[in-house]
Amino acid sequence: MVSSEDKTNREMIREFGKVLKPGGKIYGYFPTTLCFLENAYFSRKHAHCVTEGFIDVYGNKVWDAEWQTAQIYYTPLRLNRIFKEAGLKQLSLEMQFLDYEPFVSMFKEMIDHDDPDIFLWHLLARYEK
């Protein structure tokens, strides 16, 4: 999402719903709190992200130490609800693994890990008016 505020993100998606013509489609990649939660469980080095509250699934937020702010990352069900409330119909909502370069190297450097099974994944959302 573009904003760190849930209300702003919902308004933006409602606007997409308003301006799309019937049959119009919107596609997007959305990071999810579940990716960060899963990676924290896989990596002992990052388990503190769960225990110290860096990942807030209920609040849809992940603390970004570099930016010193929390970013909004929705769960799949919550993201689907937001699009549905905007009058959009789901075509598909899929996991997209970012297990290829340059994403693997960037994430490896970003969280300082050496486990080949830890990488980012996003939600690929396709909706229609």
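The structure we're discussing is the one just above.
Residues numbered from 1 in each chain as written. Predicted model: local features only at pLDDT ≥ 70, side-chain atom pairs only at ≥ 80, totals over all residues. Heavy atoms only, no water.

Observations regarding the packing of helix H1 (residues 6-19) against helix H4 (residues 76-85)
Moving on, step 1. The interhelical angle for the contact between H1 and H4, taken along N-to-C directions, is 50°, at an axis separation of 8 Å. Comparing their axes, H4 and H1 come out oblique. Every pair of crossing elements has a handedness; the one defined by H1 and H4 is right-handed. Between H1 and H4, the contacting residues are Asp6, Arg10 and Ile13 on the first element and Arg78, Ile82, Phe83 and Glu85 on the second. (Axes fitted to C-alpha atoms, helices over the stretch in contact; angles between N-to-C directions. Helix = DSSP H or I, 4+ residues; strand = E, 2+ residues; numbered from the N terminus. Parallel < 35°, antiparallel > 145°, perpendicular 65-115°, else oblique. Left-handed = near helix turned anticlockwise from the far one by under 90°. Contact = heavy atoms within 4.5 Å.)

Observations concerning the state of the cysteines
Defined simply, a disulfide is a covalent bond joining two cysteines at their sulfur atoms.
Moving on, step 1. Counting across every chain of the model gives zero disulfides.
Moving on, step 2. In this structure Cys35 is a free cysteine whose sulfur lies 12 Å from that of Cys49, the closest cysteine sulfur available.
Moving on, step 3. According to the relative accessible area criterion, Cys35 is buried, its value standing at 1%. (Disulfide = S-S within 2.5 Å. Buried < 20%, exposed > 50% of the residue type's maximum accessible area, 1.4 Å probe, protein only.)

A word on the side chain of Thr75
Moving on, step 1. Mapped onto the fold, Thr75 is located in the loop between strand E4 (69-72) and H4.
Moving on, step 2. With residues up to four places along the chain from it excluded, the contact list for Thr75 reads Thr32, Thr33, Leu34, Val57, Asn60 and Leu123.

Regarding the layout of surface pockets
Moving on, step 1. What the largest pocket holds in volume is close to 870 Å³.
Moving on, step 2. Considering every element that reaches the lining of the largest pocket, the biggest residue donor is helix H5 (residues 103-111), with five residues.
Moving on, step 3. Looking at the lining of the largest pocket, its residues break down into 21 nonpolar, five polar and two charged. (1 Å grid on protein atoms, 1.4 Å probe; cavity = no way out; pocket = protein on both sides within 12 Å on 5 of 7 lines; lining within 4 Å. Points joined across faces, edges and corners; volume = space filled by probe spheres on them. Nonpolar A, V, L, I, M, F, W, Y, C, P; charged D, E, K, R; others polar.)

Let's talk about the pattern of salt bridges
Moving on, step 1. Applying the stated criterion across every chain yields a total of seven salt bridges.
Moving on, step 2. The closest approach of N and O atoms between Lys18 and Glu15, which form a salt bridge, is 3.2 Å. You can see Lys18 and its partner Glu15 sitting in helix H1, three residues apart, about one turn around the helix.
Moving on, step 3. When its relative accessible area of 59% is taken as the criterion, Lys18 is described as exposed.
Moving on, step 4. The partner of Glu94 in a salt bridge is Arg126, and the shortest N-O contact between them spans 2.7 Å. Within this pair, whereas Glu94 is found in strand E5 (residues 89-97), its partner Arg126 is found in strand E6 (residues 121-128), the two being separated by 32 residues in sequence.
Moving on, step 5. Assessed through its relative accessible area of 32%, Glu94 is described here as partly exposed.
Moving on, step 6. Its relative accessible area of 23% is what places Arg126 among the partly exposed residues.
Moving on, step 7. Each of Asp6, Arg10 and Glu85 takes part in one network of salt bridges that share partners. (Salt bridge = Lys/Arg side-chain N within 4 Å of Asp/Glu carboxyl O.)

Quick word on the pairing of E6
Moving on, step 1. Most of E6 is tucked away, with six of its eight residues classed as buried.
Moving on, step 2. Relative to E6, strand E1 (residues 25-31) is paired through seven bridges, and the arrangement is antiparallel. Within E6, the position partnered with Tyr29 by the bridge is Leu124.
Moving on, step 3. Inspection of the sheet shows E5 paired to E6 by eight bridges, in the antiparallel sense. The partner of Phe97 across the bridge, within E6, is Trp121. (Pairing = 2+ DSSP bridges.)

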